[in-house]
Amino acid sequence: MKKSLLFSAVFSLAVAAFAQSVPAEREARADIPELLAGVWRGDDRLVLFGKDGNEFAAVLRVFSGRYADRAAEPVSYTEYATRDRNDTTARVAEHIEISYITLAENESRTAGAYELQIRYPGSGEYAYVPLAVIGGDIYLAFLVKGSARDADGQPVLAGDADNREGFWRDCGAAPGLLVSPPTVKKERMGYYFSGDAFYHIRYWETEMPFTYEQAEFSDGEQSFSVDKYVRSAGKVYTSCTGRRTQIRNISKSSELPAHRFDDDGIICAFGSPYLVRVDGGESRDDLLRLTEETNSAPRPPRKSVFPVTFPNVRWPKYEELDIYDPATWNRRMLDVGK
């Protein structure tokens with residue numbers, strides 16, 4: 001009887017532990033998150049996340065931004081404005097379908113991290129582009145605070161802007177929101193914030209299944225626990241080899257690269273914004289108007305193939321000479337043309 005009870009208790013603990021490690025399914029929705037809706041401008045493109053039919057459109061700004069190519073848009077756009085046909089444009093625009101997975105949002109709803117599940121024409125698999133929105137800016141390199149176990153179950157996270165201690169997982173992996181499938185990074189860099197120290201945790205791509213298993217590392221004085229696995233852009237990354245749970249070769253620094261935190265302290269973005277929100281840009285009409293403004297703007301004159309050259313004449317400083325001194329008259333005549 002005692003053996004039976006002991007076996008039941010052990011089995012129950014094993015089942016509970018397994019249930020905690022099984023990852024939750026992330027739901028991809030067609031509805032565009034409120035923080036993403038609108039027109040965005042980057043150095044080389046205009047992007048629309050439109051609420052009207054959950055549409056997506058991308059306009060590439062080529063030739064140093066002087067020409068706007070409507071590279072990706074719904075079929076219905078041609079009913080409102082005919083696409084240009086020239087050596088730059090494709091015959092038919094790409095028709096890209098996007099669903100949205102919410103990774104995390106702060107309680108004040110001023111920032112969020114999302115993963116775009118993208119279906120490109122002719123591709124049998126989904127591509128994934130993670131991005132973060134902070135204020136009116138979109139970033140591709142970013143961290144989300146806390147374990148994936150907590151965020152996957154409830155993506156609206158409570159943060160403390162004054163307390164940033166703990167594990168921050170790296171969720172950005174794609175080079176951009178492109179009109180063709182992007183190449184995803186093979187390594188990630190998570191962080192653990194502790195006081196004035198920042199511990200760098202390297203993750204690399206693996207074929208291991210994703211779980212909520214924890215791993216540990218030590219700096220010789222303290223031990224810390226972090227997620228062993230990170231999933232991002234449809235890939236799984238690990239910080240340990242095989243079944244091990246001890247992380248080795250941890251590096252430590254006293255400062256972060258150029259970064260920006262959201263107001264609640266749950267998202268940390270690195271570098272410059274990838275896209276910036278266009279004030280007043282909300283719909284297809286706004287995107288087409290910006291495209292037309294770019295293409296109708298006057299072009300600067302072309303540089304001459306044979307640039308004009310001017311003679312290099314050295315003129316003496318005659319103001320320093322006495323014009324009434326006969327000794328200088330011949331000198332002035334000889335200087336002309338030199």
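All figures in this text were calculated on a predicted structure; none of them were measured in a lab. (Residues numbered from 1 in each chain as written. Predicted model: local features only at pLDDT ≥ 70, side-chain atom pairs only at ≥ 80, totals over all residues. Heavy atoms only, no water.)

A.B. asks: How should the nonpolar core be read in this particular structure?
C.D. replies: A general tendency of soluble globular proteins is for nonpolar side chains to be buried together. Ranked by size, the top nonpolar core spans 34 residues in total, and within it Phe 142, Tyr 192, Ile 201, Phe 217 and Val 226 carry the most contacts. Within the residue set of this core, elements represented by two or more residues are strand 5 (97–106), strand 6 (111–119), strand 7 (127–134), strand 9 (142–145), strand 13 (197–205), strand 14 (214–218), strand 15 (223–227) and strand 20 (267–270). The element that contributes the greatest number of residues to this core is strand 13, accounting for four residues. When near neighbours in sequence (up to four residues on either side) are disregarded, Phe 217 contacts Tyr 192, Tyr 199, Ile 201, Gln 222, Ser 223, Phe 224, Val 226, Gln 246, Ile 247 and Ile 250. One finds Phe 49, Ala 58, Ile 98 and Leu 177 within the second-largest nonpolar core, a separate group that totals 27 residues. (Core = buried A, V, L, I, M, F, W, Y, C linked by side-chain atoms within 4.5 Å. Buried < 20%, exposed > 50% of the residue type's maximum accessible area, 1.4 Å probe, protein only. Helix = DSSP H or I, 4+ residues; strand = E, 2+ residues; numbered from the N terminus. Contact = heavy atoms within 4.5 Å.)

A.B. asks: Is there a simple way to think about unusual backbone geometry in this case?
C.D. replies: Most peptide bonds adopt trans geometry, and most residues besides glycine take a negative phi value. Positive phi is not limited to glycine here, since Phe 63 has a value of about 55°. Here Phe 63 lies in the loop between strand 3 (55–62) and strand 4 (67–72). By relative accessible area, which is 54% here, Phe 63 ends up exposed.

A.B. asks: Hey, could you run me through the confidence of the model for the protein chain in this one?
C.D. replies: Where the model shows low pLDDT, its predicted coordinates should not be examined in detail. Scored by pLDDT, the protein chain has a mean of 88; 87% of the residues are at 70 or more. Mean pLDDT values over the elements of the protein chain span from 44, in helix 1 (residues 2–21), up to 98, in strand 8 (residues 137–139). The model gives residues 5–19 a pLDDT under 50, and that stretch makes zero contacts with residues more than four places away or in other chains. (pLDDT = per-residue confidence, 0-100.)

A.B. asks: Whenever I open this one, the packing of aromatic side chains confuses me. Can you help?
C.D. replies: Centre-to-centre distance and the angle between the planes together describe a pair of aromatic rings. Here the structure, examined in full by the defined rule, presents 13 aromatic pairs. Ring geometry for Phe 49 versus Tyr 100: centroids 6.2 Å apart, planes at 70°, classification edge-to-face. Of this pair, Phe 49 sits in strand 2 (residues 45–50) while Tyr 100 sits in strand 5, placing them 51 residues apart in sequence. Each member of the pair, Phe 49 together with Tyr 100, is buried. Among the aromatic side chains, those forming a connected cluster through ring pairs are Trp 168, Phe 193, Phe 198 and Phe 261. Over the face of the ring belonging to Phe 261 we find Arg 164, whose NZ or CZ atom lies 3.7 Å from the ring centre. Residue placement shows Arg 188 over the ring face of Tyr 237; its charged tip is 5.8 Å from the ring centre. (Phe/Tyr/Trp six-rings, centres within 6.5 Å; stacked < 30°, edge-to-face > 60°. Lys NZ or Arg CZ within 6 Å of the ring centre and 35° of its normal.)

A.B. asks: Which parts of the structure should I look at to understand helix 3 (residues 284–296)?
C.D. replies: It helps to recall that an α-helix has 3.6 residues per turn; residues three or four apart then point in one direction. Over its 13 residues, helix 3 extends 18 Å from the first C-alpha to the last, a length consistent with the 18 Å expected when each residue adds 1.5 Å. Three or more residues of helix 3 are buried, namely Arg 284, Asp 286, Leu 287, Leu 288, Leu 290, Thr 291, Thr 294 and Asn 295. (Expected span 1.5 Å × (residues − 1).)

A.B. asks: Quick question: what am I supposed to make of the sheet that holds strand 6 here?
C.D. replies: What holds strands together in a sheet is hydrogen bonding between their backbones, with the strands either parallel or antiparallel. Here we have ten strands laid out as an open sheet, ordered 4-3-2-1-21-8-7-6-5-10, and mixed in their pairing. Two strands lie at the open edges of the sheet, namely strand 4 and strand 10 (156–157), each paired on one side alone. Of the strand pairs in this sheet, strand 1 (residues 38–41) and strand 21 (residues 275–277) are connected by two bridges, and their pairing is antiparallel. Among the inter-strand pairings, Arg 41 is bridged to a residue of strand 21, identified as Val 276. Of the strands in this sheet, strand 1, strand 2, strand 3 and strand 4 are in contact with helix 3, which crosses strand 4 at around 140°. (Pairing = 2+ DSSP bridges. Axes fitted to C-alpha atoms, helices over the stretch in contact; angles between N-to-C directions.)

A.B. asks: Could you clarify how one ought to interpret the side chain of Asp 69 in this entry?
C.D. replies: Inspection of the secondary structure puts Asp 69 in strand 4. Sequence-distant contacts of Asp 69, defined by excluding residues within four places in its chain, comprise Ala 58, Val 59, Leu 60, Arg 83, Thr 88 and Thr 89.

A.B. asks: How should the side chain of Asp 137 be read in this particular structure?
C.D. replies: Within the element layout of this structure, Asp 137 appears in strand 8. A polar contact of 2.6 Å, which involves the side chain of Asp 137, links it to the side chain of Arg 260. Excluding its chain neighbours within four sequence positions, the residues that come into contact with Asp 137 are Trp 40, Ala 132, Arg 260, Pro 273, Leu 275 and Val 276. (Polar contact = N/O pair within 3.5 Å; in protein donor to acceptor, adjacent residues only side chain to side chain.)

A.B. asks: How should the pattern of salt bridges be read in this particular structure?
C.D. replies: Where charged atoms of side chains with opposite charge meet at close range, the side chains can pair. Here the structure, examined in full by the defined rule, presents 15 salt bridges. Here Arg 231 and Asp 152 are joined by a salt bridge, their closest N and O atoms 2.9 Å apart. Highlighted residues: Arg 231 in strand 16 (residues 229–232) and Asp 152 in helix 2 (residues 148–153), separated in sequence by 79 residues. Beyond isolated ion pairs, a larger network of salt bridges with shared partners links Arg 26, Asp 152 and Arg 231. (Salt bridge = Lys/Arg side-chain N within 4 Å of Asp/Glu carboxyl O.)

A.B. asks: Even after reading the chapter, I still don't get the pairing of strand 14, so can you show me in this structure?
C.D. replies: Regular strands place side chains that alternate from one sheet face to the opposite one. Burial along strand 14 is one-sided: the face carrying Ala 215 and Phe 217 is buried and the face carrying Gln 214, Glu 216 and Ser 218 is not. Bridge analysis of strand 14 against strand 15 gives five bridges, and the strand direction is antiparallel. Residue pairing in the sheet places Glu 216 in a bridge with Ser 225 of strand 15. In sequence, strand 14 turns back onto strand 15 through a hairpin of four residues, with Gly 220 there showing a positive phi of about 95°.

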